[in-house]
Amino acid sequence: MRILLTGKNGQLGRCFQDAVAGKNHELFAYGSAELDISNALQVALIVGQDQPDIIVNAAAYTAVDKAETDSENAYSVNATGPELLARQAAELDIPFIHVSTDYVFDGAAVKPYLPTDVTNPQGVYGASKLAGELAVSATCDKAIVLRTSWVFSEYGNNFVKTMVRLAKERDELGVVADQYGCPTYAGDLAQAVFQICNQYEQGKKIPAGIYHYCGDTPTSWHGFARAIFSVAKVNGLIKKIPMLKAISTDAYPTPAKRPVYSIMKDETLSSFGIFPSDWFAGLNSILRDYNA
Ligand SMILES: NC(=O)c1ccc[n+]([C@@H]2O[C@H](COP(=O)([O-])OP(=O)(O)OC[C@H]3O[C@@H](n4cnc5c(N)ncnc54)[C@H](OP(=O)(O)O)[C@@H]3O)[C@@H](O)[C@H]2O)c1
C-alpha cells in the first residue's frame, strides 16, 4: 500500500513512521519544508507524483495560545490545508485520514462527548480545526476524522516532558485541577491510524465519518502530572516528587480559553478492533526509555 503522510516531524507523524517501519508498505512522508499543506500547487504536485492509496494528515497548527493572535495561519494549516488534501483524495477516490481535537467542544457537557455531540469551540485553534473537519467531510466522501486529545509522546514538546523538566527544577508546582480530559499516547494514536490503513487494504473499510480516539482513563491535568511524577520517580528520572498543588483555571490564565471538560468516548472503533489508548502504559514506556 502506498501511504502519503504529512506532518512527518510532529508527534503523530514520527510515531506513525515508527508504526509503519519494517511493514510491507511504501511510505511517502513529508514535513512542512517539503510539503506545505496550505499550498494548493505543492499538494496537487506531490499527490500526483506519489499516487497514494491513502493519505494521512498529521500536519496541523497546534500552538493553541498563539493561534489567538495568528488566526490566518491557524486557518490556513488547519482548514485550507486539510481541504486541499481531501480534494486530492476525492479526485483519486482514496480514503483520507485526518486528525482533529477535543477543543471543538465547549466543555459544558456533564457526560463524555460522543462524535455526534454539538460542537462549540472556545478559541481560534478549536474553531480552525472544526472548519477543517467540516471542509474535509464535505470534500471527500472517504474521509475519516479522528478527534483526539491531550497528546504526548517521546517526540517533540508536550506536557509530559514539561512536567519532568519542572520536577527537576522545582520543589513545588501548581497544576490546573479543574480541567478534565483523556491523555492520549501518540504511539497508540499512530497504531490506530495504521490499523485503519490496513483494514482498508484488506477491504474491511471503516465507514467515512467522525470518530473519537483518546485515552481510556479520564483525568485532570493535576492527576496527569501526579501520574507523570510517580512514573518518573520509579524510573529514576527525578530524585524526589515535588509538592503538587491543585490550582484552578482562573489561577492560570492563558490567551486561549480551553474546555473545562473534554472527556470523549466512542465505542464504534472498538467494533473494528481499535481500542482506546492505554495512556498509563504509554507513559511508562516513554519514561522508561527517556534518557536513551
Ligand atoms: N498535541 C496535542 O495535544 C493534540 C491534542 C488534540 C488534537 N491534536 C491533533 O493531533 C494531530 C497531531 O498533533 P501533534 O501533537 O502530532 O502535532 P505537532 O507535534 O505539533 O506536529 C504538527 C506538525 O505539523 C506540521 N505542519 C505545521 N504547519 C504545516 C504546513 N503548513 N504544512 C505541512 N506541515 C505543517 C509541522 O511540521 P514541521 O515540523 O515539518 O514544520 C509539525 O511537525 C493534529 O491534528 C492536532 O491538531 C493534538
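So, how was this worked out
Every chain is numbered on its own, with residues counted from 1 as its sequence reads. Residues qualify for local features only when their pLDDT is at least 70, as the model is predicted, and side-chain atom pairs are given and counted only at 80 or more; totals for whole chains, interfaces and linings, by contrast, use all residues. Heavy atoms throughout the structure, all of them, feed into the side-chain values; hydrogens and water do not. UniProt positions are given in the numbering used here, feature names are shortened, and annotations may be inferred rather than shown by experiment. Paired strands, as defined in this entry, are two strands with at least two bridges between them according to DSSP. Helix and strand assignments come from DSSP, with helices taken as H or I runs of at least 4 residues and strands as E runs of at least 2, each series counted from the N terminus. The angle between two axes is taken between their N-to-C directions and runs from 0 to 180 degrees, where each axis is a line fitted to C-alpha atoms and a helix contributes only its stretch in contact. Two residues qualify as a contact provided that any one of their heavy atoms is within 4.5 Å of a heavy atom in the partner residue. Between Lys or Arg on one side and Asp or Glu on the other, a salt bridge is scored when a side-chain nitrogen of the former is within 4 Å of a carboxyl oxygen of the latter. Each residue's exposure class comes from its accessible area (1.4 Å probe, protein chains only) as a fraction of the maximum for that residue type: buried when under 20%, exposed when over 50%, partly exposed otherwise. We call two N or O atoms a polar contact when they sit within 3.5 Å, provided that within protein one can donate a hydrogen and the other can accept it, with sequence-adjacent residues counted only if both atoms are side-chain atoms. The cutoff for a nearby residue is simple: one of its non-hydrogen atoms must lie within 4 Å of the molecule or strand. Areas reported here follow the Shrake-Rupley algorithm with a probe of radius 1.4 Å; residue values treat only the protein chains shown as occluding. Only the six-membered ring of Trp is used, alongside the rings of Phe and Tyr, when aromatic pairs are assigned; centres must lie within 6.5 Å, and planes under 30 degrees apart are stacked while those over 60 apart are edge-to-face, with the rest tilted. Take the number of residues in a helix, subtract one, and multiply by 1.5 Å to get its expected span. Should the near helix be turned anticlockwise from the far one by less than a right angle, the crossing is left-handed, and should it be turned clockwise, the crossing is right-handed. In this classification, the charged set is Asp, Glu, Lys and Arg, the nonpolar set is Ala, Val, Leu, Ile, Met, Phe, Trp, Tyr, Cys and Pro, and all remaining amino acids, among them Gly, are polar.

- Identification of the chain as dTDP-4-dehydrorhamnose reductase from Marinomonas primoryensis is taken from an unreviewed UniProt entry.
- Per its UniProt entry, the chain bears the Function (unreviewed entry) comment "Catalyzes the reduction of dTDP-6-deoxy-L-lyxo-4-hexulose to yield dTDP-L-rhamnose."
- Its UniProt record, at the heading Catalytic activity (unreviewed entry), says of the chain: "dTDP-beta-L-rhamnose + NADP(+) = dTDP-4-dehydro-beta-L-rhamnose + NADPH + H(+)".

## Quick look at the sheet that holds strand 5 (residues 143–148)
So, point 1. The strand order 2-1-3-4-5-10 describes an open sheet built from six strands, whose pairing is parallel. The open sheet has two edge strands, strand 2 (26–30) and strand 10 (209–212), and neither has a second partner. Sheet twist, expressed as the average angle between the axes of neighbouring strands with direction ignored, equals 20 degrees.
So, point 2. Bridging between strand 1 (residues 2–6) and strand 2 involves five bridges; their strand directions are parallel. Its bridge partner being in strand 2, Leu-4 is matched across the sheet by Phe-28.
So, point 3. Contacting strand 4 (96–101), strand 5 and strand 10, helix 4 (residues 124–139) crosses the sheet at an angle of about 155 degrees to strand 4.

## Regarding the pattern of salt bridges
So, point 1. Applying the stated criterion across every chain, the model contains 10 salt bridges.
So, point 2. The closest approach of N and O atoms between Glu-26 and Arg-2, which form a salt bridge, is 3.3 Å. Linking Glu-26 in strand 2 with Arg-2 in strand 1, this pair joins segments that are 24 residues apart in sequence.
So, point 3. Glu-169 is paired through a salt bridge with Arg-165; the nearest N and O atoms lie 3.7 Å apart. Residue Glu-169 and its partner Arg-165 are located together in helix 5 (residues 159–169), separated by four residues, close to a single helical turn.

## Section: the UniProt feature "domain: RmlD-like substrate binding" (unreviewed entry) in the chain
So, point 1. Residues annotated in UniProt with the feature "domain: RmlD-like substrate binding" (unreviewed entry) correspond here to residues 1–290.
So, point 2. Annotated as residues 1–290, this span is 38% helix and 17% strand, and its ends, taken at the C-alpha atoms, are 33 Å apart.

## Some points on the environment of Lys-161
So, point 1. Tracing the chain through its elements places Lys-161 in helix 5.
So, point 2. Exposure remark for Lys-161: the relative accessible area of 22% places this residue in the partly exposed category.
So, point 3. Taking C-alpha positions, Lys-161 is 25 Å from Asp-70, a pair spaced 91 residues apart along the chain.
So, point 4. Not counting the four nearest positions on each side in its chain, Lys-161 is found in contact with Ser-153, Glu-154, Tyr-155, Gly-156 and Tyr-290.

## As for the environment of Asp-216
So, point 1. Along the chain, Asp-216 falls in the loop between strand 10 and strand 11 (219–220).
So, point 2. Exposure remark for Asp-216: the relative accessible area of 41% places this residue in the partly exposed category.
So, point 3. Setting aside anything within four residues of it in sequence, one finds Asp-216 in contact with Pro-276, Ser-277, Asp-278 and Trp-279.
So, point 4. A polar contact of 3.0 Å, which involves the side chain of Asp-216, links it to the side chain of Thr-217.

## Some details on the site of the ligand
So, point 1. Around the ligand sit 22 residues, and of these Asn-9, Ser-32, Thr-62, Tyr-125 and Lys-129 come closest.
So, point 2. Measuring from a nitrogen atom of the ligand, one finds a backbone N or O atom of Ile-37 at 3.0 Å.
So, point 3. In this structure, an oxygen atom belonging to the ligand sits 3.1 Å away from a main-chain N or O atom of Ala-60.
So, point 4. When isolated, the ligand has an accessible area of 900 Å², and the protein chains bury 79% of it.

## Regarding the packing of aromatic side chains
So, point 1. Counted by the stated rule, this structure contains 12 aromatic pairs.
So, point 2. With a centroid separation of 6.1 Å and 85 degrees between ring planes, the pair formed by Tyr-103 and Tyr-125 is classed as edge-to-face. Note that Tyr-103 is positioned in the loop between strand 4 and helix 4 and Tyr-125 in helix 4, a separation of 22 residues in sequence. An identical accessibility class is assigned to Tyr-103 and Tyr-125; each is buried.
So, point 3. An aromatic cluster is defined as three or more aromatic residues linked by ring pairs; in this entry it consists of Trp-150, Phe-152, Phe-159, Tyr-185, Trp-221, Phe-224, Trp-279 and Phe-280.

## Some details on helix 7 (residues 221–234)
So, point 1. A rise of 1.5 Å per residue sets the reference length of helix 7, with its 14 residues, at 20 Å; its end C-alpha atoms lie 20 Å apart and thus fit the reference within 8%.
So, point 2. Within helix 7 the residues assigned to the buried category are Trp-221, His-222, Gly-223, Phe-224, Ala-225, Ala-227, Ile-228, Phe-229, Val-231 and Ala-232.
So, point 3. The inward-facing, buried residues of helix 7 abut strand 6 (151–152), helix 5, strand 7 (172–176), strand 11, strand 12 (243–247) and helix 8 (279–288).
So, point 4. Positive backbone phi, at 75 degrees, marks Gly-236, one or two positions downstream of helix 7.

## Focus: the packing of helix 5 against helix 7
So, point 1. For the pair helix 5 and helix 7, the least separation of the axes is 10 Å and the interaxial angle reads 65 degrees. Seen along the crossing, helix 5 lies across helix 7 with a hand that is right-handed. Residues Phe-159, Val-160, Met-163, Val-164 and Ala-167 of helix 5 pack against Trp-221, Phe-224, Ala-225, Ile-228, Phe-229 and Ala-232 of helix 7.
So, point 2. When the residues that make up the contact of helix 5 with helix 7 are grouped by side-chain class, the tally is 11 nonpolar, no polar and no charged.

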